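One letter stands for each residue in the lines below.
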Amino acid sequence: MNRDEAKALLDAYGADAEKWPAERRQALALFLDGDDAAADILKEARQLDQVLATYELPGVDLADQILDALPQSGLERLLNWLMPVPASLWWRPAMAAALPLAIGVCIGALNPEFSAYDDVNDWASVEAQLLSLPAGESAGVSWYE
Amino acid sequence: MQAVDEQALVRRVAAGDRAAFRLLVEAHQRALWAYVMRMLADADRANDIVQETFLRFWTRASRYDPSAARLSTWLHHIAHNLCVDSFRRNARMSYTDEPIEAEDAGANPETQSLDEQLGERVRRAVAALPERQRSALLMCHYQGLSNKEAASIIDVSVDALESLLARARRRLKQELSREIES
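Chains are numbered independently. Their residues run from 1 in the order of the written sequence. Following the order in which they are written, the chains are lettered starting with A and the ligands numbered starting with 1. Two thresholds apply to this predicted model, a pLDDT of at least 70 for residue-level local features and 80 or more for giving and counting side-chain atom pairs, whereas whole-chain, interface and lining totals are computed over all residues. Computation of side-chain values: all heavy atoms of the structure, hydrogens and water removed.

1. A few points about the overall build of chain A
- By the criteria applied, helices consist of DSSP H or I runs no shorter than four residues and strands consist of E runs no shorter than two, each listed in order from the N terminus. Of the regular secondary structure elements, chain A holds seven helices and zero strands.
- Traced from its N-terminal end to its C-terminal end, chain A shows the element sequence α-α-α-α-α-α-α.
- A buried classification covers 23% of the 145 residues belonging to chain A.
- Contacts in chain A between residues at least 24 apart in sequence constitute 35% of all its contacts with a sequence separation of at least 6.
- For accessible areas, the Shrake-Rupley method is used with a probe of radius 1.4 Å. Any residue's cover is judged against the shown protein chains and nothing else. Counting only carbon and sulfur atoms, one obtains 59% of the accessible surface of chain A, whose full area is about 10,300 Å². Using a 1.4 Å probe on the protein chains alone, a residue whose accessible area is under 20% of its type maximum counts as buried, one over 50% counts as exposed, and one in between counts as partly exposed. Contact criterion: two residues are considered in contact whenever any of their non-hydrogen atoms come within 4.5 Å of each other.

The structure is reproduced here in structure tokens:
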């Protein structure tokens, strides 16, 4: 490495060896150790680095904002539709727990096989059949004996 | 965060794991925000771009190839492209080597310490750099990216990147000569 190459590297990357290109770091360090004139170039680069280091920024925490902005799954959209966010948070778990019951009621109402009226109709037909039979025929005995 | 842990977290993110996503957001948000903030000098736009960067990460995590780039580099690449898009949308800025006027963030010198005043002057000098020089300087000096990573993101050769860096530092040396001497 010669002085021009060393100056070009320091001009680009500054005085911090960690910022130098890995493949040229050792050669540059060796050159700077053995070249007194290079000390001035290194000093200039270090002064600029020190001034640049004063440009600091405050910390930020955007995690909640970013998580809130994520697209929702179908189930989350359904839950949010059923239990809108402005609702009190404490009763949301209760609403969620009641959701299977509500789904069960809906299924029962929509499916005729589970209709409670079937049982009622069955009882009514059995009763009508019993009443239409002659006394004692239904069970082989007369009820009034 | 260890690279192996990070890869495992990225796989979980690709499967829709929000807890893993939060861990990666918390690990990378500050560095990304610092890059975008120094690029744009506008906190609201920086917040929006960092948020959009992570939303893109969420939807594209399955495409991340750890053998091609570190996660940090990949996220910087997304954020950088969004910054360039933002420059292009903004009529008074363009992503060229032409300088722009530094924005005044409303800092009041009377209430600032000497360090803060110096930091403010550096902020203005960095903001006044042409965008490509600023990108190169921020990535290599402030963000800790390697020259190859930065060159890949800016889409230039390593030689061209070194030219951008040297021009940026030369310009800053002129702009901040009083601060450097004192």
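2. Some words on the nonpolar core
- Here, nonpolar core means buried Ala, Val, Leu, Ile, Met, Phe, Trp, Tyr and Cys residues that are tied together by side-chain atoms lying within 4.5 Å of each other. Counting 81 residues, the largest nonpolar core has Phe-21, Val-36, Phe-54, Phe-57, Val-122, Leu-161 and Leu-172 of chain B as its most contacted members.
- Those residues in contact with Phe-21 of chain B, other than ones at most four positions away along the chain, are Ile-66, Leu-67 and Leu-70 of chain A together with Val-13, Phe-54, Phe-57 and Trp-58 of chain B.

3. Section: unusual backbone geometry
All names here are of chain B.
- Positive phi, normally seen in glycine, also occurs at Ala-41, with a value near 55 degrees.
- Checked against the element boundaries, Ala-41 lands in the loop between α2 (18-40) and α3 (43-60).
- Here Asp-155, not a glycine, exhibits a phi torsion of approximately 70 degrees, which is positive.
- Inspection of the secondary structure assignment puts Asp-155 in the loop between α7 (147-154) and α8 (158-175).
- According to the relative accessible area criterion, Asp-155 is exposed, its value standing at 67%.

4. A look at the packing of α2 of chain B against helix α6 (residues 131-142) of chain B
Residue and element names in this part refer to chain B.
- The convention used is that axes are lines fitted to C-alpha atoms, helices contributing only their stretch in contact, and that angles between N-to-C directions extend from 0 to 180 degrees. The interhelical angle for the contact between α2 and α6, taken along N-to-C directions, is 150 degrees, at an axis separation of 10 Å. Comparing their axes, α6 and α2 come out roughly antiparallel. Crossing angle aside, the handedness with which α2 passes α6 is right-handed. Between α2 and α6, the contacting residues are Tyr-35, Arg-38 and Met-39 on the first element and Glu-131, Arg-134, Ser-135, Leu-138, Met-139 and Tyr-142 on the second.
- Residues are grouped as follows: Ala, Val, Leu, Ile, Met, Phe, Trp, Tyr, Cys and Pro are nonpolar; Asp, Glu, Lys and Arg are charged; every other residue, Gly included, is polar. Here the contact of α2 with α6 is composed, by residue class, of five nonpolar, one polar and three charged. Orientation categories follow fixed angle ranges, with anything under 35 degrees roughly parallel, anything over 145 roughly antiparallel, 65 to 115 roughly perpendicular, and all other angles oblique. In this scheme, a crossing is called left-handed if the near helix is turned counterclockwise away from the far one by less than a right angle; it is called right-handed if the turn is clockwise.

5. Some thoughts on the interface of chain B and chain A
- Taken residue by residue, the interface counts 38 residues in chain B and 36 residues in chain A.
- Two parts placed together each lose some accessible area under a 1.4 Å probe, and adding up what both lose gives the buried area. Taken together, the two surfaces of chain B and chain A that pack against each other cover about 3,600 Å², and 62% of this comes from carbon and sulfur.
- Any Lys or Arg side-chain nitrogen located within 4 Å of an Asp or Glu carboxyl oxygen qualifies as a salt bridge. If you look at where chain B meets chain A, you find five salt bridges.
- Where the side of chain B that touches chain A is concerned, the elements lending two or more residues are α2, α3, α5 (114-127), α6, α7, α8 and α9 (177-181) of chain B.
- Of the residues forming the side of chain B that touches chain A, the biggest block, eleven residues, is contributed by α2 of chain B.
- Looking at the side of chain B that touches chain A residue by residue, the classes come out as 20 nonpolar, six polar and twelve charged.

6. Section: the environment of Glu-120 of chain B
All names here are of chain B.
- Among the secondary structure elements, Glu-120 is positioned in helix α5.
- In this structure the C-alpha to C-alpha distance between Glu-120 and Leu-9, which are 111 residues apart in sequence, comes to 38 Å.
- A distance of 3.0 Å separates the side chain of Glu-120 from the side chain of Arg-123, its partner in a polar contact. Residues adjacent in sequence count toward polar contacts only when both atoms are side-chain atoms; beyond that, a polar contact is any pair of N or O atoms within 3.5 Å, and within protein one must be able to donate a hydrogen and the other to accept it.

7. Remarks on α7 of chain B
- Extensive coverage of α7 of chain B is indicated by the burial of six of its eight residues.
- Within α7 of chain B, burial applies to Asn-147, Glu-149, Ala-150, Ala-151, Ile-153 and Ile-154 of chain B.
- Taken together, the buried residues of α7 of chain B touch α1 (3-13) and α2 (22-34) of chain A together with α4 (71-89), α6 and α8 of chain B.
- Within two residues after α7 of chain B, Asp-155 of chain B carries a phi angle of roughly 70 degrees, on the positive side.

8. What to know about the packing of helix α3 (residues 38-52) of chain A against α8 of chain B
- Where α3 of chain A contacts α8 of chain B, the two axes come as close as 11 Å, and the packing angle between them is 75 degrees. By the angle between their axes, α3 of chain A is roughly perpendicular relative to α8 of chain B. The residues of α8 of chain B that touch α3 of chain A, namely those facing Glu-44, Ala-45, Leu-48, Asp-49 and Leu-52 of chain A, are Arg-169, Leu-172 and Lys-173 of chain B.
- Residues belonging to the contact of α3 of chain A with α8 of chain B are distributed by class as follows: four nonpolar, no polar and four charged.

9. Let's talk about α4 of chain B
- When the terminal C-alpha atoms of α4 of chain B are compared, their 27 Å separation across 19 residues agrees well with the 27 Å that a helix rising 1.5 Å per residue should span.
- Along α4 of chain B, 14 of the 19 residues are buried, which leaves the element largely enclosed by surrounding structure. One fewer than the residue count of a helix, multiplied by 1.5 Å, yields its expected span.

10. Some words on the packing of aromatic side chains
- In this scheme Phe, Tyr and Trp rings, the latter by its six-membered ring, pair at centre separations within 6.5 Å, and the angle between planes marks the pair as stacked below 30 degrees, edge-to-face above 60, and tilted otherwise. Inspection of the entire model under this criterion finds six aromatic pairs over all chains.
- Ring centres 6.0 Å apart and planes at 85 degrees place the aromatic pair Phe-57 of chain B and Trp-74 of chain B in the edge-to-face group. Remark: Trp-74 of chain B occurs in helix α4 and Phe-57 of chain B occurs in helix α3; sequence separation between them is 17 residues. Judged on exposure class, the residue Phe-57 of chain B and its partner Trp-74 of chain B are both buried.
- One aromatic cluster is present, formed by Phe-21, Phe-54, Phe-57, Trp-58, Tyr-64 and Trp-74 of chain B through successive ring pairs.
- Seen from the ring of Tyr-55 of chain A, Arg-38 of chain B lies directly overhead, with NZ or CZ sitting 4.8 Å from the centre.
- Placement of a positive charge over a ring is assigned whenever Lys NZ or Arg CZ falls within 6 Å of the ring centre and within 35 degrees of the normal to the ring plane. When the ring centre of Tyr-142 of chain B is taken as reference, the NZ or CZ atom of Arg-38 of chain B above it lies at 4.1 Å.

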